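Each chain is listed here by its residues.
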Amino acid sequence: MAKAKLMDYDKALELFEPVLGFEVHVELSTKTKMFSAAPNNFGSEPNTNITPTCLGLPGSLPVVNEEAVRYSISLGLALDCEIAESSSFARKNYFYPDLAKNYQISQFDEPIAINGNVEVELPNGRVFQIDIERAHMEEDAGKLTHVGGSTGRIQGAEYSLVDYNRAGVPLVEIVTRMIEGAEHDAPELAKAYVATIRDIVLALGISDAKMERGNLRCDANVSLRPRGSDKLGTRTETKNVNSLRSVERAVRYEIQRQAQILADGGTIIQETRHWHEDTGATSAGRPKSDADDYRYFPEPDLLPVVPDPALIEDLRAALPEKPAERRRRLKADWGFTDLEFQDVVNSGLLNEITETVAAGATPQAARKWWTGEIARLANAAEGDAGIDITPAQVAELQQLVNEGTLTDRLARQVLEAVAAGEGSPRKIVETKGLAVVSDDGALIAAIDEALSAQPDVLEKIKDGKVQAAGAVIGAVMKAMQGKADAARVRELVLERAAAL
Amino acid sequence: MSDLIHKTAAQLAEMLAAGTTTSVEITQAHLDRIAAVDGDLNAFLHVNAAVSLEAAKASDARRAAGAPLSPLDGVPIAIKDVLVTTDMPSTSGSKILEGWMSPYDATVVTKVREAGLVPLGKTNMDEFAMGSSTEHSAYGPTRNPWDLDRIPGGSGGGSAAAVAAFEAPLALGSDTGGSIRQPAHITGTVGVKPTYGGVSRYGAIALASSFDQIGPVTRTVMDSALLHDVIKGHDVHDSTSLKDEWPSFAEAAKNANVKGLKIGVIEQLDGEGFQPGVLARFHESLELLKANGAEIVNVSLPSLEHAVAAYYLILPAEASSNLAKFDSVRFGLRVQPEGGGTVEQVMSATREAGFGAEVKRRIILGTYALSAGYYDAYYGSAQKVRTLVQRDFADAFSKVDVLASPTAPTTAWKLGEQLDDPVAMWRGDIATIPANMAGIPGISVPAGLADEDGLPVGIQFLAPAREDARLYNVGAALETLLEQKWGHTLLSQAPELKGGAL
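Residues numbered from 1 in each chain as written. Chains lettered and ligands numbered in written order. Predicted model: local features only at pLDDT ≥ 70, side-chain atom pairs only at ≥ 80, totals over all residues. Heavy atoms only, no water.

Side note on the overall build of chain A
Secondary structure assignment for chain A yields 16 helices and 14 strands. The C-alpha radius of gyration computed for chain A amounts to 30 Å, which surpasses the reference 23 Å derived for 500 residues by more than 25%, pointing to a less compact arrangement than a globule. A buried classification covers 49% of the 500 residues belonging to chain A. Contacts in chain A between residues at least 24 apart in sequence constitute 69% of all its contacts with a sequence separation of at least 6. Accessible surface, chain A: about 22900 Å² in total, of which carbon and sulfur atoms supply 50%. Once the 56 positive and 77 negative side-chain charges of chain A are each reduced to a mean point, those two points are 4 Å apart. (Helix = DSSP H or I, 4+ residues; strand = E, 2+ residues; numbered from the N terminus. Rg over C-alpha atoms; globule rule 2.2 N^0.38 Å. Buried < 20%, exposed > 50% of the residue type's maximum accessible area, 1.4 Å probe, protein only. Contact = heavy atoms within 4.5 Å. Areas by Shrake-Rupley, 256 points an atom, 1.4 Å probe, with all protein chains shown as cover. Lys, Arg positive; Asp, Glu negative; His and termini not counted. Charge placed at Lys NZ, Arg CZ, Asp CG, Glu CD.)

Observations concerning the sheet that holds strand β2 (residues 76-80) of chain B
All names here are of chain B. Sheet architecture is open: 11 strands sit in the order β1-β3-β2-β4-β6-β5-β10-β11-β9-β7-β8, paired in mixed fashion. Every interior strand has two partners, whereas the edge strands, β1 (44-47) and β8 (295-299), have only one. Adjacent strand axes in the sheet meet at a mean angle of 30 degrees when their direction is disregarded. As paired elements, strand β7 (residues 262-266) and β8 share five bridges and run parallel to each other. Residue Ile-263 lies in a different strand from β8, and its bridge partner there is Ile-296. Across the face of the sheet, helix α2 (residues 23-41) comes into contact with β1, β2 and β3 (118-123) while running at roughly 20 degrees to β3. (Pairing = 2+ DSSP bridges. Axes fitted to C-alpha atoms, helices over the stretch in contact; angles between N-to-C directions.)

Remarks on the packing of aromatic side chains
Throughout the structure, instances matching the rule amount to 25 aromatic pairs over all chains. Relative to B:Tyr379, the ring of A:Phe297 has its centre 5.9 Å away and its plane inclined at 65 degrees; by these criteria the two rings are edge-to-face. With one member in each of two chains, A:Phe297 in strand β14 (residues 297-298) and B:Tyr379 in helix α13 (residues 376-397) form a pair that bridges those chains. With respect to burial, A:Phe297 and B:Tyr379 carry one shared label: buried. Residue placement shows A:Lys92 over the ring face of A:Tyr294; its charged tip is 4.4 Å from the ring centre. (Phe/Tyr/Trp six-rings, centres within 6.5 Å; stacked < 30°, edge-to-face > 60°. Lys NZ or Arg CZ within 6 Å of the ring centre and 35° of its normal.)

With respect to the domain arrangement of chain A
Under the domain assignment, chain A is made up of domain 1 (9-314), domain 2 (321-432) and domain 3 (440-499). On a C-alpha basis, the centroid separation for the pair domain 1 of chain A and domain 3 of chain A is 67 Å. (Domains from an automatic or database assignment.)

Here's the deal with the interface of chain A and chain B
The interface is formed by 32 residues belonging to chain A together with 38 residues belonging to chain B. Across the interface of chain A and chain B, roughly 2700 Å² is buried in total on both sides, 61% from carbon and sulfur atoms. Considering only the surface of chain A that becomes buried against chain B, A:Pro58, A:Leu61 and A:Arg295 emerge as the three largest contributors, covering 22% of it. Run the count over chain A and chain B and you get one salt bridge. Taking the shortest distance from any N to any O, the salt bridge between A:Asp301 and B:Arg201 comes out at 3.1 Å. On the surface where chain A and chain B come into contact, there are 18 residue pairs in polar contact (both at pLDDT 80 or more). Going through the elements one at a time, β3 (90-93) and β14 of chain A are the ones with two or more residues in the side of chain A that touches chain B. Partitioning the side of chain A that touches chain B into residue classes produces 21 nonpolar, six polar and five charged. (Buried area = accessible area lost by both parts, 1.4 Å probe. Salt bridge = Lys/Arg side-chain N within 4 Å of Asp/Glu carboxyl O. Polar contact = N/O pair within 3.5 Å; in protein donor to acceptor, adjacent residues only side chain to side chain. Nonpolar A, V, L, I, M, F, W, Y, C, P; charged D, E, K, R; others polar.)

Structural notes on the nonpolar core
If you look at the biggest cluster of nonpolar residues, it comprises 108 residues, and the most contacted ones within it are B:Leu83, B:Phe128 and B:Leu172. Top contributing element to this core by residue count: helix α10 (residues 307-322) of chain B, with 10 residues. Not counting residues up to four positions away in its chain, the partners in contact with B:Phe128 are B:Ser92, B:Ser94, B:Ile96, B:Leu97, B:Ile205, B:Leu207, B:Leu323, B:Phe326, B:Phe355 and B:Val359. Core analysis: the second largest hydrophobic core is formed by 73 residues, A:Cys81, A:Ile83, A:Ile105 and A:Ala135 among them. (Core = buried A, V, L, I, M, F, W, Y, C linked by side-chain atoms within 4.5 Å.)

What to know about the pattern of salt bridges
Residues and elements named next belong to chain A. Considering all chains together, one arrives at 58 salt bridges over all chains under this definition. Between Arg-217 and Glu-27 there is a salt bridge, and its shortest N-O distance comes to 3.6 Å. Residue Arg-217 is located in strand β10 (residues 216-226), and its partner Glu-27 is located in strand β1 (residues 16-27); the two are separated by 190 residues in the primary sequence. Judged by its relative accessible area of 24%, Arg-217 is partly exposed.

What to know about the pairing of strand β7 (residues 143-147) of chain A
Residues and elements named next belong to chain A. Across the two faces of β7 the burial differs, with Leu-144 and His-146 buried and Lys-143, Thr-145 and Val-147 not buried at all. Where β7 meets strand β8 (residues 159-163), five bridges bridge the pair, whose relative direction is antiparallel. The residue bridging His-146 from the neighbouring strand is Ser-160, located in β8.

Structural notes on a nonpolar patch on the surface
All names here are of chain B. Judged by side-chain polarity, Tyr-368, Tyr-374 and Tyr-378 come together as a nonpolar surface patch covering roughly 280 Å² of accessible area. Take Tyr-374: it is sitting in the loop between α12 (357-370) and α13. Relative accessible area serves as the criterion here: at 36%, Tyr-374 is assigned to the partly exposed category. (Patch = residues over 30% accessible without salt bridge, like charges linked within 9 Å, V, L, I, M, F, W, Y side chains within 5 Å.)

Some thoughts on helix α11 (residues 343-354) of chain B
Residues and elements named next belong to chain B. Here α11 is 12 residues long and its end C-alpha atoms lie 16 Å apart, about the 16 Å a rise of 1.5 Å per residue gives. Considered for burial, the residues of α11 that qualify are Val-346, Met-347, Ala-349, Thr-350, Arg-351 and Gly-354. Buried residues along α11 sit against α12. (Expected span 1.5 Å × (residues − 1).)

A look at the side chain of B:Thr195
Residue and element names in this part refer to chain B. Position of Thr-195 relative to the elements: it lies in the loop between β5 (190-193) and β6 (214-218). A distance of 2.9 Å separates a polar atom in the side chain of Thr-195 from the backbone nitrogen of Arg-466. Setting aside its immediate chain neighbours within four residues, Thr-195 contacts Gln-213, Leu-242, Trp-246, Gly-439, Ile-440, Pro-441, Ala-465, Arg-466, Glu-467 and Asp-468.

Observations concerning unusual backbone geometry
At the junction of B:Gly154 and B:Ser155, the peptide bond is cis and its omega measures out at 5 degrees in the coordinates. Inspection of the secondary structure puts B:Ser155 in the loop between β3 and α5 (157-164). If you check the backbone angles, A:Asn102 has positive phi at about 60 degrees while not being a glycine. The residue A:Arg295 is not glycine, and still its phi comes out positive at about 50 degrees. Mapped onto the fold, A:Arg295 is located in the loop between β13 (281-287) and β14.

Looking at the domain arrangement of chain B
All names here are of chain B. Domain parsing of chain B yields domain 1 (3-302 + 388-497) and domain 2 (311-381). A separation of 29 Å is found between the C-alpha centroids of domain 1 and domain 2. Contacts between the two partners involve 24 residues from domain 1 and, on the opposite side, 22 residues from domain 2. Buried area between domain 1 and domain 2, both sides added, is near 2100 Å², and the carbon and sulfur share of it is 70%. Among the residues domain 1 hides against domain 2, the three largest losses belong to Ile-96, Met-130 and Trp-426. Together they make up 36% of the total. Taken together, domain 1 and domain 2 are joined by zero salt bridges.

A short note on the confidence of the model for chain B
Residues of chain B with pLDDT of at least 70 account for 99%, and the chain-wide mean is 96. Interface confidence in the predicted complex, given as ipTM, is 0.96; pTM for the same model is 0.87. (pLDDT = per-residue confidence, 0-100.)

A word on the pairing of strand β4 (residues 170-174) of chain B
Residues and elements named next belong to chain B. Counting buried positions along β4 yields five of five residues, so the element is predominantly enclosed. What you see with β4 is no split at all: Leu-170, Leu-172 and Ser-174 on one side and Ala-171 and Gly-173 on the other are buried throughout. Direction of pairing for β2 relative to β4: parallel, over a ladder of two bridges. Following the sheet pairing, Ala-78 is matched in β4 by Ala-171.

Here's the deal with the environment of A:Ser72
Tracing the backbone shows A:Ser72 in helix α2 (residues 66-78). Along the primary structure A:Ser72 and A:Gln107 are separated by 35 residues, whereas in three dimensions their C-alpha atoms are 12 Å apart.

In structure tokens form, the structure reads like this:
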């Protein structure tokens, strides 16, 4: 796919103000689907998690999942929304083979949550308030697999397979109001916003929030307003953005693409665009106009959702700390510098460090392990298999260092073994014999041997050229296979040299 | 022909309890009757004698073991094809579902099976219940047992004709705008549309979800009450089904007494536009009720003037969406355009071939009514009329216990007579539609024969939502009074069906 002509980003920002808007779909991790008792599981054999309702069989009817309603209320509350006393479902009618009934049941003019706000912090420390217009419940569609074409898309495919396992999975769609004033930070804001939503739903425990699995999906609306104009530009809606990094890249790309078109005297077409991770570009999808006619009307098979006010208050009381508040608290508690803390936040390591500190490590030690050696091991790990190191293991490792059993170097070796699944740090120290040799007798024997092997060095030390001791220390460390405390070796070398 | 077919369900239940007959005998008698006369009537789309007799045998075994499932255990029943069944095809009268086997039973079907009733087969209907004559069935019209050249009403003409022709003592129907009550009126039988939500809709192939209601089709009020008692109640699969505890409707029918009952006659449904013989029988019935202690007053429901127009916007709107699922992807007919085609082309070819003219007419109408720019004028206005109708009924029921009207303006018309004028046929639903608009229950009870054509006429009673029991009270009372007056049942006056007339 040919990349469009792109304007330099800074130049684009000189000429235009980016205006953003986001629609984030969150798949809820309820036990069963939005309107049927079919299991809500990812990765099952195709068309096994289905009921007559998921398939839209004649005579079947939807029934609202109360767990999904509770999750949606919690999410609405976490976004500082008002929860509607009564909300209702509508039918969004359009024909598509992944939509079993050829209509989607979705909340339309009476959503469950409205008028919210979420605080988003950018990597540069800037804090942004994003207004939430609404959060509404709906059902997911099935999944189409296009077979026979070269691109995996419907164009050129010989046939398509439909898997209705996902049909009816509960979704909450969170819609922001128009976001102005992000300016240069627009791409970072996009990423930070989606990351914040992810953190909120994870903290609530209502979604697996894995973007690569489609648990969390972001449609990014971008338009440009010429500097000095108060007229909004035509927007595009970029879909298929399934990682935080892609959200940032896609918004940056659209700003640059639209700026170039406008600068060249062209017009922006109101359309959906698809993000392509491989090429780092968006391509035109289907034209979209405000007059898209889905023939919405109230879903006659369902009653309005009227939650008990007591339930809402219970859910409000059970809300976890907001991510922004939590970050402020942790930064103060841990005493990190701005830079250190941003590094932790951007690496998504708040939970790991919290738990490692809870397991007994100091915040700084926890930070160093997670942002340093563990991050390096994770990067080196093949594919997305990841590495399996728990905060408790990290705390134990640090404990071994603190008590002198391990040097930093040895500790890194132990960590590698932990990552390889060989057991707890203490067990690995025992089975591999990796502990520091603290027996002076063994060290002295090695030192005497090294000194006698290098009589010239011994003379130099005796002459007061203490820095010459390095060569002996190196030899001793080598003989001890690294399992010695270098500082102690140095002390002993100087003692022995003086004595000989 | 065995006399067993002329017994009511209540009588059959008594005989089974007394051990003077068996379910196999009863079932066989009805299967024989179907074999003899259904070639002329076409009331049934599907009959499987072997399956029915198996169910009858199982019922007899339960009786022998002293463990019947309900008083009706062993009594046969016919099932309108709008209800899905696992052991018989379910087509809703449409080609698009020809031969389709449902993997699940409708809740009402499960309930009648759990009560031990013996399904005889699936009955004919207008395609997707769209029609008032059963002429819109994709499988040919059902004929009226009173006159084979005439329509049996619709959409449930199959269930009504089956019961009127003694092919089944009981049947299930569905009533969206009169599809149970109007055929009852046309065939001299009893039909009840319960309160909306009184009976589960799960497994009823939806026409218009906010109007559809499943109900009994029988020859006597008591039989309707007995069947209603079997099928009523909340269903976890249907969010719109009510959680109410319902009284025994059989008790209400048994203890019928209209002394002091206040009956309102709906002015808008009495007079102009109604056939003289229909009105004559209507007023005769009211006089009889009055003579037995009921108080008769006139009430006005001014919004009924717009009810038919509003109904024929809301119904097609919901139907256009409900019928979208018939696209060939997951079930039913699939028509491949020549040389293959895209999924849109296959869907389009399938729907073109699979739906009949009346269905297409209503899909187009409904799609239009819901379209952006027209929604407020059509669907929106229609919903406002619906609210007005509901208010009119609430007002009326603050003054009277039940309302009364003729069930329909005319007696049975000739096959084909109204096919060229769909709007005329829609207007015929004027008396039955309001109950569906308001979600209230209604019953049609035979009131006699029209003088001018000798065809059956029904009287309709309506009650406030949740007060279905009042219908069994007034219906059973009137039925008794009329039969005392006539000295016979109305259906005993129907011509003898010989079979092979056509």
